[in-house]
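Coordinates in review
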Amino acid sequence: MNTQNTNTQTNQEPLISSSSSSSKFNQNYIMPVYNRLPIAFEKGEGPWLISTKGERFLDAISGIAVCGLGHAHPIVNKTIETQAKKLIHTSNLYQIPLQQTLAEELAKISGLSECFFCNSGAEANEAAIKLARLYGHQKGIQNPHIIVMENAFHGRTLATLSASGSRKVQAGFEPLVSGFTRAPLNDIDALKNIANNNPQVVAILLEPIQGEGGIHSASTEYLSQIRTLCDAENWLLMLDEVQSGNGRTGKYFAYQHTYIKPDVVTTAKGLGNGIPIGVCITGVKAQNVMQAGNHGSTFGGNPFACAVGSSVIETLFNEGLIERAAKLGDRMLDQLHEELERTDYTHSIRGKGLMIGIELDKPCSELVSLAKAKGLLINVTAERVVRLLPPLILSDQEADNMITLLCKLIKTFMGDDRRKPRPS
Ligand SMILES: *Cc1c(COP(=O)(O)O)cnc(C)c1O
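In short, a report on the structure.

Reading the values: rules and limits
- Residues numbered from 1 in each chain as written.
- Predicted model: local features only at pLDDT ≥ 70, side-chain atom pairs only at ≥ 80, totals over all residues.
- Heavy atoms only, no water.
- Axes fitted to C-alpha atoms, helices over the stretch in contact; angles between N-to-C directions.
- Helix = DSSP H or I, 4+ residues; strand = E, 2+ residues; numbered from the N terminus.
- Left-handed = near helix turned anticlockwise from the far one by under 90°.
- Contact = heavy atoms within 4.5 Å.
- Nonpolar A, V, L, I, M, F, W, Y, C, P; charged D, E, K, R; others polar.
- Phe/Tyr/Trp six-rings, centres within 6.5 Å; stacked < 30°, edge-to-face > 60°.
- Near = heavy atom within 4 Å.
- Polar contact = N/O pair within 3.5 Å; in protein donor to acceptor, adjacent residues only side chain to side chain.
- Areas by Shrake-Rupley, 256 points an atom, 1.4 Å probe, with all protein chains shown as cover.
- Buried < 20%, exposed > 50% of the residue type's maximum accessible area, 1.4 Å probe, protein only.
- Salt bridge = Lys/Arg side-chain N within 4 Å of Asp/Glu carboxyl O.
- 1 Å grid on protein atoms, 1.4 Å probe; cavity = no way out; pocket = protein on both sides within 12 Å on 5 of 7 lines; lining within 4 Å.
- Points joined across faces, edges and corners; volume = space filled by probe spheres on them.
- Pairing = 2+ DSSP bridges.

Their axes nearest at 8 Å, the elements helix α3 (residues 97-110) and helix α9 (residues 303-318) cross at an angle of 35°. You can see that α3 and α9 cross each other, and the crossing is left-handed. Residues Leu98, Gln99, Thr101, Leu102, Glu105, Leu106 and Ile109 of α3 pack against Pro303, Cys306, Ala307, Gly309, Ser310, Ile313, Glu314 and Phe317 of α9. Here the residues of the contact of α3 with α9 sort into nine nonpolar, four polar and two charged.

Encoded structure:
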């Protein structure tokens, strides 16, 4: 327990103390919903973050898949500066040409047709969930159900936490939003079984690669079977690409590794490189379901966020960063396999592009602090999965250093020296 935090009003300590003690970080006035590491950053340069004490850290998490172009990208900065001087917000009471432009870009990239803009991933999914319910009602289904996956993560609003497959996210917030039916990932028979027994189903919502759940991919075969099932049952296939979108996996959207097209796709995180923006994109089957008055967002699709979104997309394509993510991801996965595959504690190494998970055979959240002490920022999810979401602008050298350092840390943490050496 931190007893220093109990004296509030009279505490004259500076906000961020120069002391190395973690207890000196003042978290008064902040609702303690996050377990934060005792460090703050002042500046970013590409894949590097510089702490308030001037230490440099290689960023393998990118603000949780947000800063795909790295920190302080000059083109994004220029757009921010230029657009901030011109116009930030008008509301959706008026035409917004920059929103039109971004919508057209996203429609062309996704092969879909209409965009609803909001400010976060949860909101993008909230829009998709509302759309699916409306689609159901328009078909005469009074109590529409959406199939969602075990271990899914769709956000922290009431509907999206109810759609998530994690008790940790839901506990204490009951009553949950009803109308979700859960199924195991990559099990088409489970879905067919639901189809045969539940005439209320109107849609399936899933992440092509589960992020928070521990980097679990929906197989290509499964996705194409889902597409067939959704066509046969007249369900909407809705993909949550909040984390896997915007080039991270080596295609703009992760479903573009397959031949299927969803009816609805949501994204957020990487689209604004740190400026909040989310979007729910619909194809022909889901088009025109939402009408005036059905949904809205005051901030959503404002000129500022949309200018930045377009600038991020342009940079991803102009600088070849999506192919880069694919190549770099292969390189990093190869090296991880080389280093860790034959150890008896590495359960699996998986992912696509720069969305990588290394599952160990025991809880490993301590690795986050151990890595930080060596100048590397990583994340651990689902207790035993080291998750890497580095920026797409990483150089080969930086990627190699990242993997070398990480593997060394994992080996030490797992007590590799006490185990029998690998056959060489
Ligand atoms: C992060 C995430 C969300 C929630 O996004 P927020 O911007 O935090 O609301 C939803 N779905 C997936 C797959 C995510 O990774």
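After that view of the structure, there is still more to cover.
With that out of the way, let us pick up the packing of aromatic side chains. To describe a pair of aromatic rings, one takes the distance between the centres and the angle between the planes. Within the structure shown, the criterion is met by four aromatic pairs. Here Tyr252 and Phe253 contribute two aromatic rings whose centre-to-centre distance is 4.9 Å and whose plane-to-plane angle is 75°, an arrangement assigned as edge-to-face. Centroid distance Tyr252 to Phe317: 6.0 Å. Interplanar angle 5°. Geometry classified as stacked. Of this pair, Tyr252 sits in the loop between β10 (236-240) and β11 (264-267) while Phe317 sits in helix α9, and the two are 65 residues apart along the sequence. Here a set of aromatic residues connected by ring pairs shows up, and it is made of Tyr252, Phe253, Tyr255 and Phe317.

Further remarks concern the site of the ligand. If you check the shell around the ligand, you find Ser120, Gly121, Ala122, Asn125, Phe153, His154, Gly155, Glu207, Asp240, Val242, Gln243 and Lys269 and nothing else. One nitrogen or oxygen atom from the main chain of Gly121 is found 2.8 Å from an oxygen atom belonging to the ligand. With respect to the ligand, the backbone of Phe153 contributes an N or O atom lying 3.3 Å from a nitrogen atom. Considered on its own, the ligand offers 380 Å² of accessible surface; in the complex 81% of this is hidden by protein. With three residues, the single largest contributor to the shell around the ligand is helix α4 (residues 121-138). Classifying every residue of the shell around the ligand by side-chain character gives three nonpolar, six polar and three charged.

Another aspect to go through is the side chain of Arg387. Relative to the helices and strands, Arg387 is located in strand β17 (residues 385-388). For Arg387, a relative accessible area of 2% gives the class buried. In this structure the side chain of Arg387 is engaged in a polar contact, spanning 2.7 Å, whose partner is the side chain of Glu212. In this structure, Arg387 is in contact with Ala60, Ile61, Ile64, Gly211, Glu212, Ile215, Gln243, Ile356, Asn379, Val380 and Thr381, ignoring residues within four places of it in sequence.

Once that is clear, we can look at the pattern of salt bridges. With the rule as written, the count across this model stands at 15 salt bridges. For Glu81, the salt bridge goes to Lys85, with nearest N and O atoms at 3.3 Å. Here the residue Glu81 and the residue Lys85 both occupy positions in helix α2 (residues 74-86), the gap between them amounting to four residues, near one helical turn. Note on Lys85: relative accessible area 67%, which makes it exposed. Note that Glu212 is salt-bridged to Arg387, the shortest N-O span being 2.7 Å. Highlighted residues: Glu212 in the loop between β8 (209-210) and β9 (216-217) and Arg387 in strand β17, separated in sequence by 175 residues.

Looking at the second largest pocket, its volume works out to about 760 Å³. Contributing to the lining of the second largest pocket are 28 residues, with Gln99, Cys115, Phe116, Phe117 and Met290 lying nearest its centre. Counting only elements with at least two residues in the lining of the second largest pocket, the list comes to α3, β4 (114-118), α4 and β12 (278-282). Within the lining of the second largest pocket, the residues separate by chemical class into 14 nonpolar, 13 polar and one charged.

The next point concerns unusual backbone geometry. Here the amide bond leading from Glu174 into Pro175 is cis, since omega sits at 5°, within 30 degrees of zero. Its place among the elements puts Pro175 in the loop between α6 (167-170) and β6 (180-183). Phi at Ala72 is positive, roughly 55°, even though this residue is not glycine. The exposure class of Ala72 is partly exposed, given its relative accessible area of 44%. Positive phi, normally seen in glycine, also occurs at Asn186, with a value near 65°. Taking relative accessible area as the criterion, Asn186 reaches 36% and is therefore assigned partly exposed.

This brings us to the sheet that holds strand β1 (residues 41-45). The four strands are arranged β1-β2-β3-β15 in an open sheet whose pairing can be described as mixed. Across the chains shown, the open sheet's two edge strands, defined by having one partner strand only, are β1 and β15 (376-377). Inspection of the sheet shows β1 paired to strand β2 (residues 48-51) by four bridges, in the antiparallel sense. From the neighbouring strand, Lys43 faces β2, where its bridge partner is Ile50.

Another point: the environment of Lys352. Topologically, Lys352 is positioned in strand β13 (residues 346-352). Spatially, the C-alpha atoms of Lys352 and Ile215 are 9.0 Å apart, while their sequence positions differ by 137 residues.

Read across the sheet, seven strands follow the order β4-β12-β11-β10-β7-β5-β6 without closing on themselves; strand pairing throughout is mixed. Each of the sheet's edge strands pairs with one partner strand only, and the pair in question is β4 and β6. On average, adjacent strands in this sheet sit at an angle of 20° to one another, irrespective of strand direction. Sheet topology places β11 next to β12; four bridges connect them, and they run antiparallel. In the sheet register, Thr266 faces β12, and the bridge partner there is Cys280.

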